[in-house]
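Listed here are the chains, written in short residue letters.
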Amino acid sequence: MTTANPTTSVVTDRPGTIRNRVLWTLQILLGLFFVIASGGPKLVMPNALADNAPENLTIPFALLIFIGVVEVAGGIGLMVPRLSALAAAGLTVLTVLAAGTQAFIADKPSMAIFPLVLAAIFAWIAYERRATVTDLRNSFAR
């Protein structure tokens, strides 16, 4: 008589050890960048940003604060294992929109290169961490 194995094996796409270390290094560095250097100043001293570079601010003040909140939340989300894929996907959208703003609204297309490089990195992180989205969905389904 044969017995069936009651445990089911779920095959998930998870990156290898070296790729995982590279991803976590990028996630931590970019997360800290977005919390400390990008989103943080928009929340802590938005008036100083407006006073120092008024020609760069072609967006409403409330939108500047909202972008700061989104950048800080995305930076923190990059460093939380369960939220890393969703945060990277959100930051991909944010940086593509930032590149579009630089290229078309601010009329400085050369300044759009950095956000587009970041968007490619975030898209790669979101792709590699896609299994965390399924894990997160399954944890809410219980």
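Because the structure is predicted, anything quoted here is derived from the model rather than measured. (Residues numbered from 1 in each chain as written. Predicted model: local features only at pLDDT ≥ 70, side-chain atom pairs only at ≥ 80, totals over all residues. Heavy atoms only, no water.)

Another point: the packing of aromatic side chains. Taken as a whole, this structure holds 3 aromatic pairs when the rule is applied. Summarising the aromatic geometry, the rings of Phe33 and Phe114 are spaced 6.4 Å apart at their centres and angled 85° between planes, so their arrangement reads as edge-to-face. Of this pair, Phe33 sits in helix H1 (residues 17-44) while Phe114 sits in helix H5 (residues 113-128), and the two are 81 residues apart along the sequence. In this structure an aromatic cluster arises from ring pairing among Phe33, Phe34, Phe114 and Phe122. A cation sits over an aromatic face here: Arg130 above Tyr127, 4.1 Å from the ring centre. (Phe/Tyr/Trp six-rings, centres within 6.5 Å; stacked < 30°, edge-to-face > 60°. Helix = DSSP H or I, 4+ residues; strand = E, 2+ residues; numbered from the N terminus. Lys NZ or Arg CZ within 6 Å of the ring centre and 35° of its normal.)

Right, let's talk about the packing of H1 against H5 for a bit. One can describe the packing of H1 onto H5 by two numbers: an axis separation of 11 Å at closest approach and a directional angle of 135°. One finds that H1 runs oblique with respect to H5. For the pair H1 and H5, the sense of crossing is left-handed. Residue-level inspection shows Arg19, Val22, Leu23, Leu26, Gln27, Leu30, Phe33 and Phe34 of H1 in contact with H5, the latter providing Phe114, Leu118, Ile121, Phe122, Trp124, Ile125 and Glu128. Its residues placed into classes, the contact of H1 with H5 shows 12 nonpolar, 1 polar and 2 charged. (Axes fitted to C-alpha atoms, helices over the stretch in contact; angles between N-to-C directions. Parallel < 35°, antiparallel > 145°, perpendicular 65-115°, else oblique. Left-handed = near helix turned anticlockwise from the far one by under 90°. Contact = heavy atoms within 4.5 Å. Nonpolar A, V, L, I, M, F, W, Y, C, P; charged D, E, K, R; others polar.)

A word on the UniProt feature "transmembrane region" (unreviewed entry) in the protein. As recorded in UniProt, the feature "transmembrane region" (unreviewed entry) lies at residues 22-39, 59-78, 85-105 and 111-127. End-to-end, the C-alpha atoms of residues 22-39 are 24 Å apart, and along that stretch the chain is 100% helix and 0% strand. The straight-line gap between the two end C-alpha atoms of residues 59-78 is 26 Å; of that span, 90% is helix and 0% is strand. (UniProt positions renumbered as here; feature names shortened; annotations may be inferred.)

Judged by nonpolar contacts, Leu23, Leu30, Phe34, Leu78, Ala87, Ala88, Leu91, Leu94, Leu118, Phe122, Ile125 and Ala126 together constitute the single largest core of 12 residues. Every element with two or more residues in this core is listed here: H1, helix H4 (84-105) and H5. Setting aside chain neighbours within four positions, we find Leu91 in contact with Phe34, Gly74, Gly75, Leu78 and Phe122. (Core = buried A, V, L, I, M, F, W, Y, C linked by side-chain atoms within 4.5 Å. Buried < 20%, exposed > 50% of the residue type's maximum accessible area, 1.4 Å probe, protein only.)

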